[in-house]
Amino acid sequence: MSLLVVGLSHRSAPVSVLERAALSADAQIKLVQDTVAAEPATEAAVLATCNRIELYADVDKFHAGVAELSTLLAQHSGVGLDELTPYLYVHYEDRAVHHLFSVACGLDSMVVGEGQILGQIKDSLARAQDLHTAGRLLNDLFQQALRVGKRAHSETGIDRAGQSLVTFGLEQLSGGTAVQDWVRGKKALVIGAGSMSSLAAATLARAGVAEIVIANRTADRAERLAEILNEGAAGLARAVPMNAVPDELTRADVTVSCTGATGLVLAAETIAAALSGRGPLAWPGTDEAPASAAADATPAVRQPAGVAVEENCPLDLPAVRATAGFSVLGEAAVAGMGAAELEQHAAWVDNAPRPQSTPDEAEAIAALAAAAATVGRIPERRRPERVAEPARPEPVLYLLDLAMPRDIDAAVHRLAGVRLVDIESLADASADAPMAADVDQVRRIVSDEVAAFGAALRAAHITPTVVALRTMAADVVAGEIARLEGRLPGMDDRHRSEITQTVKRVVDKLLHAPTVRVKQLAAEPGGAGYADALRTLFDLDPETVAAVSRAEDSTEKDRGPA
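Remember, it's a predicted structure, so these values are computed and weren't measured experimentally. Each chain has its residues counted from 1, running along the sequence as written. Reporting in this predicted model follows two pLDDT cut-offs: at least 70 for local features of residues, and 80 or more for side-chain atom pairs to be given and counted; totals over whole chains, interfaces and linings ignore these cut-offs and use all residues. For side-chain calculations, the full set of non-hydrogen atoms in the structure is used, while hydrogens and water are omitted.

Undergrad: Mind showing me how you'd approach the environment of arginine 406 here?
TA: Elements are defined by DSSP. Helices are runs of H or I of four residues or more, strands are runs of E of two residues or more, and each kind is numbered from the N terminus. The topology assignment puts arginine 406 in the loop between strand S9 (397–401) and strand S10 (418–421). The buried category is assigned to arginine 406, whose relative accessible area is 10%. Considered as a pair, arginine 406 and serine 16 are 390 residues apart in the sequence and their alpha carbons are 9.5 Å apart. Engagement of the side chain of arginine 406 in a polar contact is seen with the side chain of glutamate 19, the distance being 2.7 Å. A distance of 3.5 Å separates the side chain of arginine 406 from the side chain of aspartate 422, its partner in a polar contact. Each residue gets one of three labels from its accessible area relative to the maximum for its type: buried under 20%, exposed over 50%, partly exposed in between, using a 1.4 Å probe on protein chains only. N or O atoms within 3.5 Å of each other form a polar contact, as long as, within protein, one can give a hydrogen and the other can take it, and as long as residues adjacent in sequence are counted only when both atoms are side-chain atoms.

Undergrad: Hey, could you run me through helix H3 (residues 62–77) in this one?
TA: Along an α-helix, a turn takes 3.6 residues, which lines up residues three or four apart on a common side. The span you would expect from a helix comes to 1.5 Å times its residue count less one. If you check H3, its first and last C-alpha atoms are 22 Å apart, about what 16 residues at 1.5 Å a residue would give, namely 22 Å. Along H3, the positions that sit buried rather than exposed are Gly65, Val66, Leu69, Ser70, Leu72, Leu73, Ala74, His76 and Ser77. The criterion used for residue contact is that any of the two residues' heavy atoms lie within 4.5 Å. The inward-facing, buried residues of H3 abut strand S1 (3–9), helix H1 (15–21), helix H2 (25–37), strand S3 (52–59), helix H4 (81–84) and strand S4 (89–92). Looking one or two residues beyond H3, the residue adopting positive phi is glycine 78, at roughly 85°.

Undergrad: I keep staring at helix H6 (residues 116–130) and nothing clicks. Help me out?
TA: Compared with an ideal rise of 1.5 Å per residue, which puts 15 residues at 21 Å, H6 spans 22 Å between its outermost C-alpha atoms and is within 8% of the ideal. Those residues of H6 lying buried are Gln116, Ile117, Leu118, Gln120, Ile121, Ser124, Leu125 and Ala128. Summarising the contacts, the buried residues of H6 are in contact with strand S2 (41–49), S3, helix H5 (94–104), helix H7 (136–155) and helix H11 (195–207). Histidine 132, located one to two residues past H6, shows a positive phi value of around 60°.

Undergrad: What should I look at first to understand the sheet that holds S4 in this one?
TA: Here, a strand pair is defined by DSSP locating no fewer than two bridges between the strands. Read from one edge of the open sheet, four strands run S2-S3-S1-S4, paired in antiparallel fashion. Both outer strands of the open sheet, S2 and S4, are each paired with one neighbouring strand and no more. On average, each strand axis in the sheet is tilted by 15° relative to the strand beside it, whichever way the strands run. Taken together, the four bridges between S1 and S4 define a ladder with antiparallel strand orientation. Paired with valine 5 across the two strands is histidine 91, which belongs to S4. Where H6 meets the sheet, its contacts fall on S2 and S3, and the angle it forms with S2 comes to roughly 145°. Along the sheet, H7 contacts S1, S2 and S3; its crossing angle with S2, the most-contacted strand, is approximately 30°. For helices, the fitted axis covers only the stretch in contact; all axes are lines through C-alpha atoms, and the angles between them, taken along N-to-C directions, range from 0 to 180 degrees.

Undergrad: Where do I start with the pairing of S3 in this structure?
TA: Successive side chains on a regular strand alternate, one facing one side of the sheet and the next facing the other. Burial runs high along S3: eight of the eight residues are buried. Judged by which residues are buried, S3 turns out to be covered on both faces: Arg52, Glu54, Tyr56 and Asp58 on one side and Ile53, Leu55, Ala57 and Val59 on the other are all buried. Direction of pairing for S1 relative to S3: antiparallel, over a ladder of seven bridges. Within the sheet, the bridge partner assigned to leucine 3 lies in S3 and is aspartate 58. Note: S2 against S3, eight bridges, orientation antiparallel. Within the sheet, the bridge partner assigned to alanine 41 lies in S3 and is valine 59. The loop that links S2 with its antiparallel partner S3 comprises two residues.

Undergrad: I keep staring at the sheet that holds S10 and nothing clicks. Help me out?
TA: To summarise the sheet geometry, strands pair through backbone hydrogen bonds and adopt either a parallel or an antiparallel arrangement. Strand order across the open sheet formed by six strands is S7-S6-S5-S8-S9-S10, with parallel pairing between neighbours. The two strands at the open ends of the sheet, each matched to only one other strand, are strand S7 (237–240) and S10. When strand polarity is set aside, the average angle formed by the axes of neighbouring strands in this sheet is 15°. With four bridges connecting them, strand S6 (residues 211–215) and S7 associate as parallel partners. Considered in S7, the bridge of isoleucine 212 is made with alanine 237. Contacting strand S5 (187–191), S6 and strand S8 (254–257), H11 crosses the sheet at an angle of about 170° to S5.

Undergrad: So what exactly am I meant to see when it comes to the pairing of S5 here?
TA: With four of five residues buried, S5 is to be regarded as a mostly interior element. Note that S5 and S6 share five bridges and pair parallel. By the bridge assignment, lysine 187 is partnered in S6 with glutamate 211. Considered for its hand, the β-α-β crossover made up of S5, H11 and S6 is right-handed. Crossovers are described as right-handed under a simple rule: with the strands pointing away from the observer, the path leading from the first strand over the helix to the second runs clockwise.

Undergrad: I tried to follow empty space enclosed by the protein on my own but got confused; where do I start?
TA: If a probe the size of a water molecule is rolled over the atoms, the empty space left behind becomes visible. In the cavity and pocket records, a cavity denotes points on a 1 Å grid over the protein atoms alone where a 1.4 Å probe fits but cannot get out, a pocket denotes an open set with protein on both sides within 12 Å along at least 5 of 7 lines, and lining residues are residues with an atom within 4 Å of a point. Grid points are joined across faces, edges and corners, and a volume is the space filled by probe spheres set on the points. Overall, the coordinates contain three cavities of 30 Å³ or more when judged by the stated rule. As a volume, the largest cavity reaches approximately 110 Å³. Lining the largest cavity are 14 residues, with Cys50, Asn51, Ser109, Glu114 and Gln120 sitting closest to its centre. If one sorts the elements of the lining of the largest cavity by residue count, H6 sits on top with three residues. Split into classes, the residues belonging to the lining of the largest cavity amount to seven nonpolar, five polar and two charged. Taken as a whole, the second largest cavity encloses approximately 50 Å³ of empty space. Taken together, Lys187, Ala188, Leu189, Glu211, Val213, Arg238, Glu248, Arg251 and Ala252 make up the lining of the second largest cavity. Elements represented by at least two residues in the lining of the second largest cavity include exactly S5 and S6. Throughout, the ten residues Ala, Val, Leu, Ile, Met, Phe, Trp, Tyr, Cys and Pro are labelled nonpolar, Asp, Glu, Lys and Arg are labelled charged, and all others, Gly among them, are labelled polar.

Undergrad: Looking at this model, I keep getting lost on unusual backbone geometry. Mind explaining?
TA: If a residue is not glycine, its phi is most likely negative; likewise, a peptide bond is most likely trans. In this structure, the amide linkage connecting methionine 404 to the following residue, proline 405, adopts the cis form with an omega of 5°. Among the structural elements, proline 405 can be located in the loop between S9 and S10. For histidine 132, which is not a glycine, the phi torsion comes out positive at approximately 60°. Checked against the element boundaries, histidine 132 lands in the loop between H6 and H7. Overall, the relative accessible area of 72% leaves histidine 132 in the exposed class.

Undergrad: It is not clear to me how the nonpolar core should be interpreted in this structure. Could you clarify?
TA: Across soluble globular proteins, you tend to see nonpolar side chains buried next to one another. What makes a nonpolar core is a set of buried Ala, Val, Leu, Ile, Met, Phe, Trp, Tyr and Cys residues whose side-chain atoms join them at distances within 4.5 Å. Residues Leu8, Leu84, Leu165, Leu204, Ile212 and Leu402 are the most contacted members of the largest nonpolar core, which totals 67 residues. The contacts of leucine 204, once residues within four sequence positions are left out, are Leu170, Val183, Ala188, Val190, Val209, Ile212 and Val256.

Undergrad: I would appreciate a short explanation of the pattern of salt bridges in the present structure.
TA: Between side chains of opposite charge, a pair can form as their charged atoms come close. Note on definitions: salt bridges are taken to be side-chain nitrogens of Lys or Arg within 4 Å of carboxyl oxygens of Asp or Glu. In total, this model carries 22 salt bridges according to the counting rule given. As a salt-bridge pair, arginine 224 and glutamate 227 come within 3.5 Å of each other at their nearest N and O atoms. Linking arginine 224 with glutamate 227, this pair stays in helix H12 (residues 219–232), spanning three residues, or about one helical turn. The partly exposed category is assigned to glutamate 227, whose relative accessible area is 44%. Taking the shortest distance from any N to any O, the salt bridge between glutamate 480 and arginine 483 comes out at 3.1 Å. Taken together, the residues span about one helical turn, with glutamate 480 and arginine 483 both in helix H20 (residues 438–487) at a distance of three residues. For glutamate 480, a relative accessible area of 41% gives the class partly exposed. Using a relative accessible area of 47% as the deciding quantity, one classes arginine 483 as partly exposed. What you see here is one network of salt bridges that share partners, running through Arg11, Arg52, Glu54 and Asp108.

Listed below in structure tokens is the structure:
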């Protein structure tokens, strides 16, 4: 087995890198095709989800395979190889099998135990089969991964350890209130009609929303999803074109977005405009906005990033400038920032008027950017004392962004009256999620299945050699019987049959124990050399062995996936 996987996920890379490295459907197809066209790889498949990008391949050389797969990932993702390499992980042979089986069971998911990954693995295999890039190894591997994932969910309580990303996201939006109680009676807008968006719409429907509006670039898919939802509750859902989204936002309470768009679907300005049409916001402890907010022409939007020199600054400038001795450009200003915010802040600093910055501060920000790229967030201990945060109104619009790259502008976090949960905030929240006791049982299942898969693969590796050996033995028997008939031309059919059967039984008995034992030995770790030993000892023709392998592969393809 020469299975190699190279990839990155929420466990190895910050969300900002995952977002930039996300692959479109066309890019995934091109990546798989280019991988099998490369010299080290004979099979390839891509597993791309909202929080992972992994390239699986059957390679003949490990180091050349790692270099080639890493380079191809960088080329097709658009992220430079030098920048991407620190976030990549590599698994080989049994470790690669263990990784995929763990992924299939939900052990490596952002929300431990979620089952949606099984559908994504199935889609990945189907794509590779359609492109004819999945041979015997990847077909067997991915199909077995699906069986292992189903076994884990049926034999353990791993489902109790987690749920779908959609449900987890809705729980984060609800702020601790039961999702069914929180969404009941609300109006929902779902942008996109793919698998994740469909799951979101179905989850909202089951939870009891009053209305679901589906917006999608392909109208037929949106209408089909609405029809499916209406089968369970007539009049619940309706489809609208994408250009109707701004109007629908003014009426929606909950919006879920998960599209395959490469750019933003909802800009901060669009959300702000939708909020401005809703009237005064409800501020905590009052029935109306405070006087300072009422005097603002756009009370729905806090103004940390106003105009002129404050444009694109991720800081709440009025608050931080009120702190004595506090520099808006220095190290203290970016304490606690995530990587994405830090990139935005660094860009603002570069464009800020020179009197506001100094070379020392620019160097400090550059150093902090490097730290954020490694740990994902500047340590909280650097945060300075802040002035009291002004009161924020209760949210009137809840946004769940499950897309990678993101559909909703991260600047929406700073709009009053909005609560946004995206992949980055879900990653932070899932890090503290409790693990179920069943996780240990699933890990044992994965270990057992990895051992069984490796043994079966190693045993299968020697089968063509054993078949070639028995074929050679049968040819020897046939030759000797023919020679005997030439020496005894008067031998009748009864004697000829008896002699033939006797010789075959002798050969079978001589070969039985060695061939059974060599299969057992080959199934053990390090048993790959037994096939070479058999070929050497019996002087088997390598082409005969290869012909048997080709015949088995052809039979496997004709039989199709399990």
